[in-house]
Amino acid sequence: MSSGRWREEHDFLGPVQVPREALYGAQTQRALDNFPLSGERSIGDYPVLIEALLRIKWAAAEANRMAGLLDAEVAGAIVQGARELIDEGACRHFPIHRLHGGGGTSANMNANEVLANRAEEILGGRRGQYRRVHPNDHVNLHQSTNDVYPTACRMAVIAAWPALAEALERLGRVLHSRGFRFRDEPRVARTCLQDAVAVTFENLFGGYQAVLVRAEYRIARDVDELHVVNLGGTIVGRPQDAPKGYRRQIIPNLRRVSGDPDYRPDPNLFDAAQNPDGLVAVSSGLDLLARTLVKIAKDLRLLGSGPEAGLGEIRLPAVQPGSSIMPGKVNPVIPEFVIQCCFQVIGNHAASAGALDHGELDLNIWESVLLFNVLDSMGLLANAVHTLAERCLKEVTVAPERNRRNAESIIPLLTELVKERGYSAVSRICRDAGGDVQKIRELLKKEGWI
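Residue positions are given per chain, counted from 1 along the sequence in the order it is written. The predicted origin of the model limits local features to residues at a pLDDT of at least 70 and limits the giving and counting of side-chain atom pairs to 80 or more, whereas totals for whole chains, interfaces and linings rest on all residues. Only hydrogens and water are set aside when side-chain values are computed; all heavy atoms of the structure are taken into account.

Q: I'd like a rundown of empty space enclosed by the protein, residues and numbers included.
A: Once rolled over the atoms, a probe with the size of a water molecule shows which space is left empty. Cavities and pockets were defined on a 1 Å grid built from protein atoms only: a cavity is a group of points that admits a 1.4 Å probe but offers it no way out, a pocket is an open group of points flanked by protein on both sides within 12 Å along at least five of seven lines, and a lining residue is one with an atom within 4 Å of any such point. Grid points are joined across faces, edges and corners, and a volume is the space filled by probe spheres set on the points. Applying the stated criterion across every chain, the model contains one cavity of 30 Å³ or more. Quantified by volume, the largest cavity comes out at close to 40 Å³. Gly103, Asn146, Tyr149, Pro150, Leu363, Asn364, Ile365, Trp366 and Glu367 are the residues that line the largest cavity. Comment: elements are numbered from the N terminus, with helices defined as DSSP H or I runs of at least four residues and strands as E runs of at least two. Looking at which element gives the most residues to the lining of the largest cavity, the answer is helix H6 (residues 145-181), with three residues. Only Asp, Glu, Lys and Arg are considered charged in this grouping, and only Ala, Val, Leu, Ile, Met, Phe, Trp, Tyr, Cys and Pro are considered nonpolar; every other residue, Gly among them, is considered polar. Grouping the amino acids of the lining of the largest cavity by side-chain chemistry returns five nonpolar, three polar and one charged.

Below, the structure written as structure tokens:
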């Protein structure tokens, strides 16, 4: 019985007490009871996913209406509800744990119940009645969690990608600008952490820029592949589980309501149900980007080490005091922030890769692990990349005198002499000097080579 602040709803397991004012219903409440948040994130903390779910329900309602399978008034109320909820950013109505069990069923039912209750109100009813609009019979008509949720996951990643892409492009511009400014500043290149040859900072920063361009290209390509969706594939990909009229309309409708013309049906819906490798490919690209950024950030820490006993070839901007006991100490905290963000991304990918090979038989139910790790990684990397560009590299400077001295060290000199005198002749000088740098220089002068 309903009373006070609760209303009573029913599913096939029995009665469920739902908060009277909640826009969700019985199955969402069961998910809240079964999967306590305990301070962790809910699906509502990911607005890109909630909007994707609502747009899918919008597209499905119109597809069913156009195929003559759903009453026009009911379909209109569902569409109106979806549009209202998208406009108001109604993520508070989606409180379930992001890693709920059931392969996304709770997320799908959360969306079904919220839209059913809102549509019921639009048609003059009350929350929890479901007399005109039912979560399963109407909002979820000719859909399954197994095609709705994977499609929503892909839409969410596509929506999240531009922020990271923009940050990477900004970092690329900063690297290009720094490289151009220091194009005439010499530095000694190092291999195996030993002196090698004389180059410039433009060479160094240009290398960073190039590898980041490749990383962005790979991720963008794999994100674009997520436009291939299995909406209309229902349970495991059997076409007979949804009417032809609905299946003809659902992808064109998804393109229209999402404003993205690139969505297209997966040519093998059975494959799509079994293998979420497209999301893992994006995760892999993020992992590779993170490892690349770790390398760049570590280089910056090494080149900026000092101020007296380190390399000290670049000067990172001082953004905060570096010690509670050592006055004057300044740490490379921005590169260290970037590295730690990247460590987390690398860990996220390990979980995502596990989600791929733990799928069983006809359906992979672990897409929540994939989705939320990918979204978290994109957010971490976008923040890290933006911070690296704006709080560090944009203000980085070089130490001309130290770099010039280092670039004129013995190994770059000997390497240049090889071009004129040959490797064997120069090696003989090194051997005769017994590796003593000062003696090498004396012998080179004696030979008249310098």
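Now that the structure is up, let's keep going.
Q: Summarise the nonpolar core; cite the residues concerned and give the values.
A: Think of a nonpolar core as a cluster: buried Ala, Val, Leu, Ile, Met, Phe, Trp, Tyr and Cys residues, connected wherever their side-chain atoms sit within 4.5 Å. Exposure classes here rest on a 1.4 Å probe applied to the protein chains alone. A residue is buried below 20% of its type maximum, exposed above 50%, and partly exposed in between. Within the largest apolar cluster, 116 residues are counted, with the highest numbers of intra-cluster contacts made by Leu49, Val157, Leu293 and Met378. At 17 residues, the largest contribution of residues to this core is made by H6. The contact criterion used throughout is that any non-hydrogen atoms of two residues lie within 4.5 Å. Beyond its immediate stretch of four places on either side in the chain, Leu49 contacts Ile43, Tyr149, Ala152, Cys153, Ala156, Leu371 and Phe372. Formed by 10 residues, the second largest nonpolar core is a distinct cluster that contains Ile410, Ile429, Leu444 and Trp449.

Q: So what about the layout of surface pockets? Which residues, and what values?
A: Considering only enclosed or pocket space, the largest pocket measures out at about 590 Å³ in volume. Gly304, Ser305, Gly306, Pro307 and Ile314 are the residues nearest the centre of the largest pocket, which is lined by 28 residues in total. Residue assignment for the lining of the largest pocket shows that the elements contributing at least two residues are strand S7 (314-315), helix H11 (333-357) and helix H13 (400-407). Taken together, the residues that form the lining of the largest pocket break down as 14 nonpolar, six polar and eight charged.

Q: Could you give an account of the packing of aromatic side chains, with specific residues and numbers?
A: Two aromatic rings are characterised by how far apart their centres lie and by the angle between their planes. Between the rings of Phe, Tyr and Trp (Trp by its six-membered ring), a pair exists once the centres lie within 6.5 Å; its type follows the angle of the planes, with under 30 degrees stacked, over 60 edge-to-face, and the other angles tilted. On inspection of all chains with the given rule, the structure shows three aromatic pairs. Arranged with centres 4.6 Å apart and planes meeting at 50°, the rings of Tyr46 and Phe372 form a pair that is tilted. In this pair, Tyr46 is assigned in the loop between helix H1 (26-34) and helix H2 (47-66) and Phe372 in helix H12 (residues 367-391), connecting sequence segments 326 residues apart. The exposure class assigned to Phe372 is buried, which follows from its relative accessible area of 1%. Among the aromatic side chains, those forming a connected cluster through ring pairs are Phe201, Phe205 and Tyr208. Here the basic side chain of Arg183 rests over the ring of Phe180, its NZ or CZ set 4.0 Å away from the ring centre. Throughout this description, the term charge over a ring refers to an Arg CZ or Lys NZ atom that lies within 6 Å of the ring centre and within 35 degrees of the ring normal. Its end group placed over the ring of Phe201, Arg187 keeps NZ or CZ at 5.7 Å from the ring centre.

Q: Which residues make up the pattern of salt bridges, and what values go with them?
A: By definition, a salt bridge exists where a carboxyl oxygen of Asp or Glu is found within 4 Å of a side-chain nitrogen of Lys or Arg. Per the counting criterion, the structure on display carries 23 salt bridges. Between Arg41 and Asp376 there is a salt bridge, with its nearest N and O atoms 3.0 Å apart. Linking Arg41 in the loop between H1 and H2 with Asp376 in helix H12, this pair joins segments that are 335 residues apart in sequence. Classification of Asp376 by relative accessible area gives buried; the value is 16%. For the salt bridge of Arg428 with Asp432, the shortest nitrogen-to-oxygen distance reads 3.9 Å. In this pair, Arg428 and Asp432 are both assigned in helix H15 (residues 423-433), four residues apart and thus about one turn of the helix distant. Relative accessible area serves as the criterion here: at 42%, Asp432 is assigned to the partly exposed category. Through salt bridges with shared partners, a single network forms among Glu84, Arg118, Glu121 and Arg127.

Q: Go over the side chain of Thr151, please, and point to the residues and values.
A: Counting through the fold element by element, Thr151 comes out in helix H6. Throughout this description, a polar contact denotes any pair of N or O atoms lying within 3.5 Å of each other; where both atoms belong to protein, one of them has to be capable of donating a hydrogen while the other can accept it, and for residues adjacent in sequence the pair is counted only when both atoms sit in side chains. One polar contact links the side chain of Thr151 to the main-chain amide nitrogen of Leu231, over a distance of 3.4 Å. Sequence-distant contacts of Thr151, defined by excluding residues within four places in its chain, comprise Ile56, Val229, Asn230, Leu231 and Leu254.

Q: Can you explain the packing of H2 against helix H4 (residues 105-122)? Please cite residues and give values.
A: Where H2 meets H4, the closest approach of the two axes is 10 Å, and the angle between their N-to-C directions is 60°. Judged on the interaxial angle alone, H4 and H2 are oblique. Regarding H2 and H4, the two cross each other, and that crossing is right-handed. When H2 is examined against H4, the residues Leu53, Leu54 and Lys57 are found in contact with a partner set consisting of Ala107, Asn108, Ala111, Asn112 and Leu115. Partitioned by chemical class, the residues of the contact of H2 with H4 number five nonpolar, two polar and one charged. Note on geometry: axes are lines fitted to C-alpha atoms, helical ones only across the stretch in contact, with angles between N-to-C directions running from 0 to 180 degrees. Any angle that falls under 35 degrees is termed roughly parallel, while one over 145 is termed roughly antiparallel, one within 65 to 115 roughly perpendicular, and all others oblique. Crossings are sorted by hand: turned counterclockwise from the far helix by less than a right angle, the near helix makes the crossing left-handed, and turned clockwise it makes it right-handed.

Q: An account of the side chain of Ser106 is needed here, citing residue identities and associated values.
A: Tracing the chain through its elements places Ser106 in helix H4. Those residues within four positions of Ser106 in sequence are excluded, and the remaining contacts are Ala31, Phe35, Ile96, His100 and Gly101.

Q: Kindly report on the environment of Asp362, identifying the contributing residues and their values.
A: Examined against the element boundaries, Asp362 turns out to sit in the loop between H11 and H12. Judged by relative accessible area, Asp362 falls into the partly exposed class, the value being 45%. Each C-alpha atom of the pair Asp362 and Asp271 lies 8.4 Å from the other, and the pair is 91 residues apart in sequence. Setting aside chain neighbours within four positions, we find Asp362 in contact with Val236, Ala273 and Gln274.

These values are about where atoms sit, not about what they do.
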